[in-house]
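Residue-level structural notes
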Amino acid sequence: MLAPLAAVLLFFAAIVSALGYLRIEEMEREQQAVQRDVEYTQQRLRLRLLERQEQIMRIGREVTNRELDLADFRSRAEYMINQYPELQGVAWIDERRRAKASLGTAIRTANQIQRAPIEDFPSSDTLSGFTAARETLGPVYVQRVRTTADSPLLQMHIPLSNSGKFVGVMLAELSVDGLFRYGVPSEVSAQYAVSLLDSRGNVLAGSAMPARKVVNTLLPWTSPAHEYAMPVSPVGSALVIRAQAYRASLGVIGSGLFWLVSALSVMTAWMLIANWRHTRRRVQAQQALMSETNFRRAMENSMLTGMRAMDLQGRITYVNAAFCQMTGWSESDLVGRTAPFPYWPDSDKEHLTSRLEEELTGKTSVGGIQVRVKRRDNSLFDARLYVSPLIDSMGTQTGWMTSMTDITEPNRVREQLSASHERFTTVLEALDASISVAPLGGDELLFANKMYRQWFGVQANGHLQLVAQAGVPPNPASDESQDNVDSFAGLPTSGLHDTETESAEIYITELGKWLEVRTRYLSWVDGRLAQMVIATDITTRRLTEEQASDQLERAQNASRLITMGEMASSVAHELNQPLTAINNYCNGMVSRIKAQQISEADLLGALEKTARQAQRAGQIIQRIRAFVKRSEPNRTPSEVTTMVAEAVELAEIELRRFNVRLNHFVATRLPLLRVDPILIEQVLINLLRNAAESIDMATRPSPERIVELRVGQHQVDNKTVIEFSVQDTGKGLAPEVMARLYEAFYSTKTNGMGIGLSLCRSIVESHLGRMSAENIYNGAEVVGCRFSFWIPLEDVGQDLTGHLRRSK
């Protein structure tokens, strides 16, 4: 396929190469001609300048030899100016820069040299020429600085010397334009654009061709016009002659042979390309036809839908692979057959025949028809048939096209879904909880089970009442009932099933029941955002919890009373000390007052001591009274240090009776705990008393009779907690005791009731904390026991609110 294109490209390459070679040869010849003419013109200018230079030097020698006076010099100079048009002025300047005589344009130049200070010599072209001629004693050519009003002039400085001594300069000014007009041959100026340039490339005389923009510099014939430049001797680089060739000839491209060859080449290339394109289109059409045929065949064979074509008389003209696979009959068995077809069940032939007659008359159903189809092995399956007219490329109906889909599995799934829905509805109807679903922002009840209908009827008022009393934010008003538009359309519902269920306990006055209400959002079957509410009757559980709470409170009060009863002897001993001191102070004061042996200061001191002892006794009684006083649970933010101090003050009374020393350590800057301080003090007192009794039963010596209380802030399960720890030096807990440690009414004491530790754990867990016990070992020996419990800090207020609500 690429051979014709390659031949065309090679042909064009040969033609372009030949034409390019001819053009390059022609350009080289033109460039050589320009170079010869420029050299010839430069020679003519050089001879003319040397002729003027020789004439000026001859006058200078005559002046130096005093053969010419001023009058003769003026007449000779005036004659030369009139004789040679390029000579514009002549001046005679002595060694002191004084103008002896000057004519023409040299008059002004001579005056400038005479008046100019010596420091301006390097910056002035005229003065620098004068200096150069004086130093070299040879002719010097200078291009005078040009102004806008002056024409370009060339200065010739001829030094005058007498016996090798510099005596002045003969200054001649030549017109550059005059040199061009009278020095450049006319045949050269007619053939080229000739110009005289200064050292900077500025045009002094003549004409120059305008610069042409070169688009492509890779091709030789796209370069600018042929030109050649060289300096004019003896002036040097200050005067350059340049010639630019006019484009007079048409070159290779302008010849008839070029256009003839080009026309034949284009025609040949066009025929080759046309032939190549035609061959290429034929090959592409063949490939496209083969691809389309293969694609259609692959598509028909890969379709899961059976396709059948019939003519207008009801004869099968085509079946695809899927149709044959469904029925079990081959294409040869079906094509050309008329009704009844072999895949019709025997029992449905009459019905299917009438259906076929309706299809042939154009009475087809848009939704298709469902029929039973018999396979070759006599097994049956359900199918849905869709019939449409078969139209050819001319727009004429040539038959009917039928598509068949196996719907056996969808029918089975539909029946299972129906049965599953019936079972699910039965379960929901039998639940003892109310279940209702309503759209957000609307008063339509989407679903309600039997319990909901018994409690609230068939309206959505009960659903809205449960949502309102449970504390869920009210739904925004909506006009869905007017325009059937969901106000929440477009909101994302993919994450609704992962959201947590909101729960609340409310009391319904109309029903006289406590209900636990749980709500969550879901996406309804029609895509709307809905809210489901499940309400469970918890009246019995609430009554049970209230009774359990009352019993727990009574047990706590009884435990405190029992503790105070057990501590009665210790408390009496503690109170006896301040009371005895008060009695002794009073008897001593009475005796000394009667004997008149006490001063007012001694009496005041004795009364102050008596008051302090009475205050101490009152504090003990007040602490006991506050501890045993029955009150409602009051959980408030409490200081940990204050709770520990009050518990220690009461516990130390009992610890001193057992001769046990208490060491307590409380961390600084502990945050507030939202607890009932009396209950926490009760736990601490029970643990401290148990520790003192354990040490007393172990009969430890006095240095080892120590109870240690520590309170600090810790991290437990990624939660910040306040931990209380009580450690003794007793004999620890036996394994059987550890297993039943918190069991109610179980005690290892002979006179114990077994409710102390059980109540302690209940109090701690009611504050969302945990309690634990462990033995302390020194090697294999048990040297004590540690009881500890912690109360969380995080979210305590929210969790306790729910707990107190349930316990009321």
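Coordinates for the structure precede this section.
Within each chain, residue numbers correspond to sequence positions counted from 1 in written order. Residues qualify for local features only when their pLDDT is at least 70, as the model is predicted, and side-chain atom pairs are given and counted only at 80 or more; totals for whole chains, interfaces and linings, by contrast, use all residues. Neither water nor hydrogens contribute to the side-chain values; these are computed over all heavy atoms in the structure.

1. Quick word on the overall build of the protein
Looking only at helices and strands, the protein features 22 helices and 26 strands. Looking at the 808 residues of the protein, the share that counts as buried comes to 37%. The contacts in the protein between residues at least 6 apart in sequence include a share of 58% that link residues at least 24 apart. Only the protein chains shown count as covering a residue, and every accessible area follows the Shrake-Rupley method with a 1.4 Å probe. On the protein, roughly 46,000 Å² of surface is accessible, and the fraction owed to carbon and sulfur atoms is 54%. Here a helix means four or more residues in a row that DSSP labels H or I, a strand means two or more in a row labelled E, and each is numbered from the N terminus. Classification of residues uses two cut-offs on accessible area relative to the type maximum, computed with a 1.4 Å probe and protein chains only: under 20% is buried, over 50% is exposed, and between them is partly exposed. The contact rule is simple, with two residues in contact once any of their heavy atoms fall within 4.5 Å.

2. Regarding the pairing of strand β11 (residues 316-319)
Alignment of strand β10 (residues 306-311) against β11, held across 3 bridges, turns out to be antiparallel. Across the sheet, Ala-309 pairs through a bridge with Tyr-318, a residue of β11. The pairing criterion for strands is at least two bridges between them, as found by DSSP. Between β10 and β11, which follow one another and run antiparallel, lie 4 residues, and Gly-314 among them has a positive phi close to 90 degrees.

3. A short note on the pairing of strand β25 (residues 770-778)
Regular strands place side chains that alternate from one sheet face to the opposite one. Note: β25 against strand β26 (residues 781-792), 9 bridges, orientation antiparallel. Opposite Glu-774, over in β26, you have Arg-786 as the bridge partner.

4. As for empty space enclosed by the protein
The distinction between a cavity and a pocket rests on a 1 Å grid over the protein atoms alone: a 1.4 Å probe fits inside a cavity but cannot get out, while a pocket stays open yet meets protein on both sides within 12 Å along at least five of seven lines, and a residue with an atom within 4 Å of a point counts as lining. Grid points are joined across faces, edges and corners, and a volume is the space filled by probe spheres set on the points. One pass over the structure, following the stated rule, counts 1 cavity of 30 Å³ or more. Here the largest cavity defines a volume of roughly 150 Å³. Of all the secondary-structure elements, those providing two or more residues to the lining of the largest cavity are α10 (349-360), β12 (369-374) and β14 (397-406). Each residue receives one of three labels: charged for Asp, Glu, Lys and Arg, nonpolar for Ala, Val, Leu, Ile, Met, Phe, Trp, Tyr, Cys and Pro, and polar for the others, Gly being one of them. Residues belonging to the lining of the largest cavity are distributed by class as follows: 10 nonpolar, 1 polar and 4 charged.

5. Let's talk about the nonpolar core
Residues grouped as a nonpolar core are buried Ala, Val, Leu, Ile, Met, Phe, Trp, Tyr and Cys residues, joined through side-chain atoms within 4.5 Å. Within the largest apolar cluster, 45 residues are counted, with the highest numbers of intra-cluster contacts made by Leu-154 and Met-170. Among the elements that make up this core, the one with the highest residue count is helix α1 (residues 3-64) (8 residues). Those residues in contact with Leu-154 that sit more than four places away from it in its chain are Leu-49, Tyr-141, Val-142, Gln-143, Ala-172, Glu-173, Leu-174, Val-176, Leu-179, Val-235 and Leu-239. Listed in part, the 43 residues of the second largest apolar core include Met-643, Ala-651, Ala-691 and Val-764.

6. Considering the sheet that holds β26
Sheet architecture is open: 5 strands sit in the order β21-β23-β24-β26-β25, paired in mixed fashion. Both edges of this open sheet fall to β21 (661-666) and β25, since each of them pairs with a single strand only. Each strand of the sheet is rotated relative to its neighbour by a mean of 20 degrees, with strand direction disregarded. In the sheet, strand β24 (residues 719-728) pairs with β26 via 8 bridges, with the strands oriented antiparallel. Bridge pairing in β26 links Val-721 to Pro-792. On the sheet, helix α19 (residues 677-697) packs against β21, β23 (706-716), β24, β25 and β26 and is oriented at approximately 30 degrees with respect to β24. Throughout, an axis means a line fitted to C-alpha atoms (over the contacting stretch in the case of helices), and angles, computed between N-to-C directions, take values from 0 to 180 degrees.

7. Overview of unusual backbone geometry
The step from Ser-233 to Pro-234 runs through a cis peptide bond, and the omega angle for that step is 10 degrees. Mapped onto the secondary structure, Pro-234 falls in the loop between β8 (227-232) and β9 (236-245). With an omega dihedral of 0 degrees, the bond running from Ala-339 to Pro-340 counts as a cis peptide bond. Topologically, Pro-340 is positioned in the loop between α9 (331-334) and α10. Of note in this structure, Asn-659 is not a glycine but carries a positive phi near 60 degrees.

8. Remarks on the sheet that holds strand β1 (residues 87-94)
Pairing in this open sheet of 5 strands is antiparallel, and the strands run β2-β1-β5-β4-β3 from one edge to the other. Lying at the two open borders of the sheet, with one neighbouring strand each, are β2 (99-104) and β3 (140-143). With strand direction ignored, the average angle separating the axes of adjacent strands in the sheet is 15 degrees. Against the sheet, helix α4 (residues 125-136) touches β1, β3, β4 (153-162) and β5 (165-175), its axis set at about 170 degrees to β3. Seen against the sheet, helix α5 (residues 176-183) touches β3, β4 and β5 and runs at an angle of roughly 65 degrees to β5.

9. Considering helix α3 (residues 106-115)
Those residues of α3 lying buried are Ala-106, Thr-109, Ala-110 and Ile-113. When α3 is viewed along its axis, its buried side chains cluster within an angular range of 100 degrees and face the same direction. Close packing links the buried residues of α3 with β1, β2, α4, β4 and β5. Picture the helix axis, draw a direction to every C-beta atom, and the arc is the one those directions span.

10. Quick word on the packing of aromatic side chains
Each Phe, Tyr or Trp ring (for Trp, its six-membered ring) is paired with any other whose centre lies within 6.5 Å, and the angle between the two planes then decides the class: stacked below 30 degrees, edge-to-face above 60, tilted in between. A complete count under the given rule lists 9 aromatic pairs for this structure. Consider the rings of Phe-323 and Tyr-343, whose centres lie 5.4 Å apart with planes at 80 degrees: the pair is edge-to-face. One end of the pair, Phe-323, is in helix α8 (residues 321-327); the other, Tyr-343, is in the loop between α9 and α10, with 20 residues separating them in the sequence. Comparing Phe-323 with Tyr-343, the two get one shared label, buried. Where Tyr-507 meets Trp-514, the ring centres are 5.4 Å apart and the plane angle is 55 degrees; that geometry is what we call tilted. According to the relative accessible area criterion, Tyr-507 is partly exposed, its value standing at 37%. Look at Trp-514 and you get partly exposed, because its relative accessible area is 24%. Clustering of aromatic rings is evident, with ring pairs tying together Phe-323, Phe-341, Tyr-343 and Trp-344. A cation over an aromatic ring shows up here: Arg-657 above the ring of Phe-658, its NZ or CZ 4.4 Å from the ring centre. We call a charge positioned over a ring when the NZ of a Lys or the CZ of an Arg lies within 6 Å of the ring centre and within 35 degrees of the ring normal.

11. Let's talk about the side chain of Asp-311
Considering the arrangement of structural elements, one finds Asp-311 in strand β10. Polar contact criterion, stated in full: a pair of N or O atoms within 3.5 Å, where within protein one must be able to donate a hydrogen and the other to accept it, and residues adjacent in sequence count only if both atoms are side-chain atoms. Only 3.0 Å separates the side chain of Asp-311 from the backbone nitrogen of Gly-314, close enough to count as a polar contact. A polar side-chain atom of Asp-311 sits 2.7 Å from the main-chain amide nitrogen of Arg-315. Dropping the residues within four chain positions of it, Asp-311 is found in contact with Thr-317, Leu-360, Thr-398, Gly-399 and Trp-400.

12. Quick look at the pattern of salt bridges
A pair is scored as a salt bridge if a Lys or Arg side-chain nitrogen falls within 4 Å of a carboxyl oxygen belonging to Asp or Glu. By the definition in use, this model includes 27 salt bridges. Measuring nitrogen to oxygen at the nearest pair gives 3.0 Å for the salt bridge that ties Asp-333 to Arg-376. In this pair, Asp-333 is assigned in helix α9 and Arg-376 in the loop between β12 and β13 (380-391), connecting sequence segments 43 residues apart. By relative accessible area, Asp-333 is classed as partly exposed at 24%. A residue is classified by how much of its surface remains accessible, and Arg-376, at 46% relative accessible area, is partly exposed. When the shortest N-O distance is used, the salt bridge between Arg-528 and Asp-526 registers 2.8 Å. Exposure remark for Arg-528: the relative accessible area of 17% places this residue in the buried category. Several salt bridges share partner residues, and in doing so they unite Arg-48, Glu-51, Arg-52 and Glu-86 into one network.

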